[in-house]
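# Close look at the chain arrangement
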Amino acid sequence: FEYIYLEEIDSTNKFAYDLGKQCKRNLVIVSKIQTSGKGRMDRTWISKEGGLYFSILMDISRVNPIEKINFLASVSVLETLKYFSNENFQIKWPNDILCNDKKICGILTELNVLKGYFVLGIGLNINNKIESSIKNVGTSLYCLEKENFDIKQIFEEFIKNFKVNLYMDNNAILEKYKTYSKTINSNVNLILPNKTVFGRVVEIDFNGIYLLNEKEISIYDVGDCIHLR
Ligand code: BTN
């Protein structure tokens, strides 16, 4: 990879996506803050100083099937967090990293199928304090450990893990993902663009989640999961 370090940008994903159009590849864009960080489903990602915000731009051919990218990313983030903290981190499908049911990391992958590349964007709350508006749903390493961390060191640990996982076979990644998953074997309401469906998650793979509802299994590849107790 080649690395670009910025002080400030609107969104590292947007920056990387534009470079992808110019046929650039194997780039990692890191920024101290983002003024308009993007989240999934058109949400925004608060990106104040103290967090880690970066995007990896790669050729689609490097990950097969391409659906694996979210699994690679979430497993690599989880392993990175485990290296720095003994808290219990879990992956909520598809790729939110939680600790005590609060989100510490968000992942947004954007594909450009026409030009054959993807942008993997990761936002990790490290030393940033969590705004009161999202205190109930978000956390940071600082909130968990009451100490500051070296952001660069965490970034480097992630890149190391990501490179190792990139060369692991598909089953091994899936197995790791499932051991870290909060979603597998639990009951969820899955919010789809036009409706909400309920079921027990009996399997997760690169096709999506397998929801069992009244003896019928349906597979979904998008949606927002609400975990039920
Ligand atoms: C989500 O959980 O909704 C995904 C959040 C992804 C945020 C990261 S921060 C770095 C990269 N640049 C962006 O604009 N978004 C991603």
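Residues numbered from 1 in each chain as written. Predicted model: local features only at pLDDT ≥ 70, side-chain atom pairs only at ≥ 80, totals over all residues.

With that settled, the discussion passes to the domain arrangement of the protein. Per the domain assignment, the segments making up the protein are domain 1 (2–180) and domain 2 (187–227). A C-alpha centroid distance of 24 Å is found between domain 1 and domain 2. Of the residues lining the interface, eight residues belong to domain 1; the matching set on domain 2 comes to six residues. Counted by class, the side of domain 1 that touches domain 2 contains four nonpolar, no polar and four charged residues. (Domains from an automatic or database assignment. Contact = placed C-beta atoms within 7 Å. Nonpolar A, V, L, I, M, F, W, Y, C, P; charged D, E, K, R; others polar.)

Before going further, it helps to spend a moment on the pairing of strand S13 (residues 216–220). Within S13, only zero of the five residues are buried, which leaves it mostly out in the open. Sheet analysis places strand S12 (residues 208–213) next to S13, joined by five bridges and oriented antiparallel. Following the sheet pairing, Ile209 is matched in S13 by Tyr220. Remark: two residues form the turn of the hairpin made by S12 and S13, two consecutive strands paired antiparallel; Glu214 in that turn has positive phi of roughly 45°. (Buried ≥ 20, exposed ≤ 12 C-beta atoms within 10 Å, placed from the backbone. Helix = DSSP H or I, 4+ residues; strand = E, 2+ residues; numbered from the N terminus. Pairing = 2+ DSSP bridges.)

Pairing in this open sheet of seven strands is mixed, and the strands run S1-S2-S5-S9-S8-S7-S6 from one edge to the other. Only two strands of the sheet have a single partner each, and these edge strands are strand S1 (2–9) and strand S6 (89–92). Here the strands of the sheet are splayed against their neighbours by 20° on average, with no regard to which way each runs. Summarising the sheet, strand S8 (residues 102–112) and strand S9 (residues 117–124) pair through eight bridges and their orientation is antiparallel. By the bridge assignment for S9, Thr109 is matched with Leu120. Against the sheet, helix H1 (residues 12–21) contacts S1, strand S2 (27–34), strand S5 (52–59), S8 and S9, and its axis sits at roughly 20° relative to S5. (Axes fitted to C-alpha atoms, helices over the stretch in contact; angles between N-to-C directions.)

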